[in-house]
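In case you want the letters, here they are:
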Amino acid sequence: MHSSQAGPWSRFLIYAATTVLLAAPAMGQDAAPRVALETNHGTIVLELNPAKAPITVENFLDYVDRGWYDGTIFHRVIDEFMIQGGGFDTSNQKKITRPPIQNEAGNGLSNLRGAVAMARTDELHSATAQFFINHKDNESLDTYSGGYAVFGKVVEGIEVVDAIAKVDVKRPGQLSDAQPVETVVIKSAKRQ
């Protein structure tokens, strides 16, 4: 069929096919999930990386979706190192978690300033719900004792991380050697 013979229906099909082809790459690329942590010091927005840390991101988002982090605290704060939270409520009671996940350290993401990683015990595959945000570059954590799995980064609110890192801490505290004197609360954690 020559273009001079193309009727309205043919032009519509060409337009629709072109639109679908141009939109296809955008539709196939899911945006990285984001989570807003609203704290009593301000909001921190995390962008997660499911391509590099699929198990960890799925685990973290499941806790977020269940409202797990709402009303938890940053219970361990070490200036020029990191802020750690997600495991204790405002009464300093440890929350019961699901089973631990596989450690995804060595995924190409590094514990740099603003990176969010899973906290764990000395056992390599012991991470559950607790996470930490690096306050400075901590590349040594990428390999130390098997590594600490980075699964995202702060994209908004690094100044809030800085403010939390500077709070006064108890030494020793009930939960750790770096427990904030004034409670630092995660009021809510929600997908954006």
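This text goes with the structure placed above it.
It should be emphasised that the depicted structure is a prediction, and the values quoted were computed from it without experimental measurement.

Turning our attention to the packing of aromatic side chains. Counted under the stated rule, the structure contains 8 aromatic pairs. An angle of 85 degrees between the planes, with centres 5.5 Å apart, marks the rings of F60 and F131 as edge-to-face. Within this pair, whereas F60 is found in helix α2 (residues 54-65), its partner F131 is found in strand β6 (residues 131-134), the two being separated by 71 residues in sequence. Considered together, F60 and F131 belong to a single accessibility category, that of buried residues. Judged by centre distance (5.4 Å) and plane angle (90 degrees), the rings of Y69 and F131 are edge-to-face. Remark: F131 occurs in strand β6 and Y69 occurs in the loop between α2 and β3 (72-78); sequence separation between them is 62 residues. For the pair shown, Y69 and F131 are each scored as buried. Every member of this aromatic cluster is reached through a ring pair, and the members are F60, Y63, W68, Y69, F74, F131 and F151. Sitting over the ring of Y63, R98 keeps its end group 4.1 Å from the ring centre. Here R120 stacks its cationic end above the ring of Y148, 4.1 Å away from the centre of that ring.

The next thing to look at is the sheet that holds strand β7 (residues 150-156). One closed barrel accounts for 8 strands, arranged β1-β2-β7-β5-β6-β4-β3-β10; its pairing is antiparallel. For this sheet the average axis-to-axis angle between neighbouring strands, irrespective of direction, equals 35 degrees. Across 5 bridges, strand β1 (residues 34-39) lies against strand β10 (residues 185-191) in antiparallel orientation. Considered in β10, the bridge of L37 is made with A189. Docked against the sheet, α2 engages β1, β2 (42-48), β5 (115-118), β6, β7 and β10, running at close to 110 degrees with respect to β10. The sheet contacts of helix α3 (residues 158-165) involve β1, β2, β3, β4 (82-89), β6 and β7, and relative to β2 the element is tilted by about 120 degrees.

Moving on: α2. The terminal C-alpha atoms of α2 lie 16 Å apart, and with 12 residues this matches the ideal 16 Å at 1.5 Å per residue to within 8%. Those residues of α2 that fall on the buried side of the exposure criterion are T56, V57, N59, F60, L61, Y63 and V64. On its buried side, α2 packs onto β1, β2, β5, β6, β7 and β10. Remark: G67 follows α2 within two positions and exhibits a positive phi of approximately 75 degrees.

Criteria and thresholds
Residues numbered from 1 in each chain as written. Predicted model: local features only at pLDDT ≥ 70, side-chain atom pairs only at ≥ 80, totals over all residues. Heavy atoms only, no water. Phe/Tyr/Trp six-rings, centres within 6.5 Å; stacked < 30°, edge-to-face > 60°. Helix = DSSP H or I, 4+ residues; strand = E, 2+ residues; numbered from the N terminus. Buried < 20%, exposed > 50% of the residue type's maximum accessible area, 1.4 Å probe, protein only. Lys NZ or Arg CZ within 6 Å of the ring centre and 35° of its normal. Pairing = 2+ DSSP bridges. Axes fitted to C-alpha atoms, helices over the stretch in contact; angles between N-to-C directions. Contact = heavy atoms within 4.5 Å. Expected span 1.5 Å × (residues − 1).

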